[in-house]
Structures are given as structure tokens and as C-alpha cells.
Amino acid sequence: VKAAAGWHATALPDGFFARLGRRFLRAYWDSYRRSPHALALVALAGDGSVVGVLAGTTDSAAHYRWVVRHRGARLAAVALAALVTRPALAVRFWRTRGRLYARGLLRFLLPRRRRPGGGPAPGTPGATLAHVVVDDPARRSGVGTALVREFEAKARASGVRRLRLLAHDGDTALSAFYRGLGWRQGPIRIDVDGVAWREYTG
Ligand SMILES: CC(C)(COP(=O)(O)OP(=O)(O)OC[C@H]1O[C@@H](n2cnc3c(N)ncnc32)[C@H](O)[C@@H]1OP(=O)(O)O)[C@@H](O)C(=O)NCCC(=O)NCCS
């Protein structure tokens, strides 16, 4: 978790979660490690040192529900502590995510409407590859490929048929990496910060 948070902070510094600091990132990666609906994979070198990490869900909707229920308070407390010391980030959070998170909290707090006939929502669970990061000196030696392949195998073994991920649009290295792995390029999605992401399905 410590290595993952450190690499996440340096390799993917522009994301909102990275801006909340390493303490938040450690709590965030720990949620993937603990959730029964997610996977946190590590790649080890011959000497046992960690050279790569991957986080993903095997059932995204169930994972996010689990996180809100079991890690929501901790994540919110760490995020709040970071936002209190960074007013500009707090304003950005309120503008871009305030309504979204408030709606999510309300959905969680209010009693759920029962589905007619009961039972779970229809459809097969979808898996999301959230992050994969390889230590800089270990790149281009197959570590990223091994991590993604293991994620695909574990997700499929748990019954998943739809795999997806979002990568920065226009990043030719990432495009080469995922396309080389056989993932198909999908549409562009614009997030709440106005950043363009390319969807890939596997
Ligand atoms: C993307 C990343 C995980 C790839 O890990 P890796 O261990 O270097 O990948 P691999 O060695 O398995 O590469 C497999 C193939 O992908 C392609 N590829 C990987 N990195 C590439 C790059 N920088 N430029 C062009 N092609 C690349 C190549 O075809 C490569 O095969 P080759 O080395 O035989 O030419 C790694 O570069 C990384 O950690 N980047 C920073 C974090 C990041 O952006 N993560 C993804 C978004 S969450």
C-alpha cells in the first residue's frame, strides 16, 4: 500500500485523489486490498522487492457500495484533513464534486426502494482496471503486462465478462500498451475536471 501510494503520487500526480496527498492515497489503495469486490495485485522482483502494483474491481457497483459502507468515514476524514489545509483544492472539490458526493451520500442514507420481485439488479458485474503503475527502472520488461494479464484472469475467474478502463486520451504510450494487450479502444469520456479519458474494453 505504501509503495502503491508513493508511485501513484509520482506517476499520476494530476488526479484529484493524488492531490489529496499520500495519506489519502494509502487509505484509497487499502480499500482495494480489503474490498471483497476488488483486487490489489503486486509484482515482485527476484529479490522480493515490489516493482509494480495494480488496483481494480471485479464488480464496480458492489465495490463502491462496500467502500462507502466500510471505508467511507475514514476516506472522508482523511480527505477533509487535506482539504482544510488546501483551500483552493477545497473550492475545486466543492465546485466539481460537491453535488455528486452529496447525492451519493443521500442514496446511501435513505432507505432503498425495493426492486419489484426483489433480488439483485439485472446484468452481469463489470470489472474496472483502476490503476496500474510500474516502478520506473522496471518498465519495459513485461511487468505491466504480467499485472494486467493476472487481473484479467482473476476477474474472468470470478465470473466477469466486461472489463473496462479509462486512460488519458492522447497518451500514445498507454495506447500502445493497452492495444498491445488486445484491449479495444472505445469512446472518449470527459470527467468533472474537464479531462478527456479514452475508454478501453477487454
Ligand atoms: C503503463 C505502464 C504500467 C506499462 O508498464 P511496463 O511494465 O513498462 O509495460 P510492459 O513492459 O509490459 O510493456 C508491454 C508493451 O507495451 C508497450 N509500451 C509500454 N510502455 C510503453 C511506452 N512508454 N511507449 C511505447 N510503448 C510502450 C510496448 O509495446 C511494450 O512492449 P515492448 O517493450 O516489447 O515494446 C508503465 O509505463 C507505468 O507505470 N506508467 C506510469 C503509470 C501509468 O500511466 N499507468 C497507467 C494509467 S493508470
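For the structure, check the block above.
Residues numbered from 1 in each chain as written. Predicted model: local features only at pLDDT ≥ 70, side-chain atom pairs only at ≥ 80, totals over all residues. Heavy atoms only, no water.

A. Inspection of the pairing of strand β2 (residues 50-57) at higher detail. In terms of burial, β2 is largely enclosed, as 7 of its 8 residues are buried. With 7 bridges connecting them, strand β1 (residues 38-44) and β2 associate as antiparallel partners. The residue bridging A38 from the neighbouring strand is T57, located in β2. The antiparallel hairpin formed by β1 and β2 contains 5 residues in its connecting segment, where G48 sits at a positive phi of about 90°. Where β2 and strand β3 (residues 126-134) come together, 6 bridges link them in antiparallel fashion. (Buried < 20%, exposed > 50% of the residue type's maximum accessible area, 1.4 Å probe, protein only. Helix = DSSP H or I, 4+ residues; strand = E, 2+ residues; numbered from the N terminus. Pairing = 2+ DSSP bridges.)

B. Spotlight on the pattern of salt bridges. A complete count under the given rule lists 11 salt bridges for this structure. A salt bridge links D169 to R198, with the nearest nitrogen and oxygen atoms 3.2 Å apart. Of this pair, D169 sits in the loop between β4 (162-168) and α8 (172-180) while R198 sits in strand β6 (residues 196-201), placing them 29 residues apart in sequence. In the salt-bridge network here, residues are joined through shared partners; they are D30, R33, R34 and R71. (Salt bridge = Lys/Arg side-chain N within 4 Å of Asp/Glu carboxyl O.)

C. Quick look at the pairing of β3. The buried fraction of β3 amounts to 8 of the 9 residues, a majority that puts the element mostly inside the structure. As paired strands, β3 and β4 are joined by 3 bridges and run parallel to one another. Bridge pairing in β4 links T128 to R164. Assessed by its sense of winding, the connection that carries the chain from β3 through helix α7 (residues 143-157) to β4 is right-handed. (Right-handed = clockwise from strand over helix to strand, strands pointing away.)

D. Looking closely at the site of the ligand. Neighbouring residues of the ligand: 18 residues in total, closest V132, V134, R140, G144 and T145. Separating a nitrogen atom of the ligand from a backbone N or O atom of V132 is a distance of 2.7 Å. Separating an oxygen atom of the ligand from a backbone N or O atom of R140 is a distance of 2.8 Å. Look at the ligand: alone it shows 920 Å² of surface, and the protein chains cover 71% of it. Of all the elements in the fold, those that place two or more residues in the shell around the ligand are β3, α7 and α8. The element best represented in the shell around the ligand is α8, accounting for 5 residues. (Near = heavy atom within 4 Å. Polar contact = N/O pair within 3.5 Å; in protein donor to acceptor, adjacent residues only side chain to side chain. Areas by Shrake-Rupley, 256 points an atom, 1.4 Å probe, with all protein chains shown as cover.)

E. Seen up close, the side chain of E199. Examined against the element boundaries, E199 turns out to sit in strand β6. A relative accessible area of 10% means that E199 is categorised as buried. Within the local environment of E199, its side chain forms a polar contact with the side chain of R164, the two groups lying 3.0 Å apart. Residue contacts for E199: discarding those within four places in its chain leaves R164, L165, L166, R184, Q185, G186, P187 and R189. (Contact = heavy atoms within 4.5 Å.)

F. Representation of the nonpolar core within the structure. Grouped together as the largest cluster of nonpolar side chains are 26 residues, with contacts concentrated most on L20, F24 and Y28. Only α1 (2-11), α2 (16-19), α3 (22-34), β2, α4 (60-70), α5 (72-85) and α6 (87-109) provide two or more residues apiece to this core. With 6 residues, the single largest contributor to this core is α3. Discounting residues that sit within four places of it in the chain, F24 has contacts with F17, L75, V78 and A79. L54, A127, A138 and A167 belong to the second-largest nonpolar core, a separate cluster that totals 23 residues. (Core = buried A, V, L, I, M, F, W, Y, C linked by side-chain atoms within 4.5 Å.)

G. Broad picture of the sheet that holds β1. The strand order across the open sheet built from 6 strands is β1-β2-β3-β4-β6-β5, with neighbouring strands paired in mixed fashion. Looking along the sheet, the strands with just one partner apiece sit at the ends: β1 and β5 (184-190). Recorded for the sheet is a direction-independent mean angle of 25° between the axes of neighbouring strands. Pairing between β5 and β6: 5 bridges, direction antiparallel. Across the sheet, residue I190 finds its bridge partner in β6, namely A196. Running at roughly 145° to β1, α7 makes contact with β1, β2, β3 and β4 of the sheet. (Axes fitted to C-alpha atoms, helices over the stretch in contact; angles between N-to-C directions.)

Any link to function would need more than the numbers given here.
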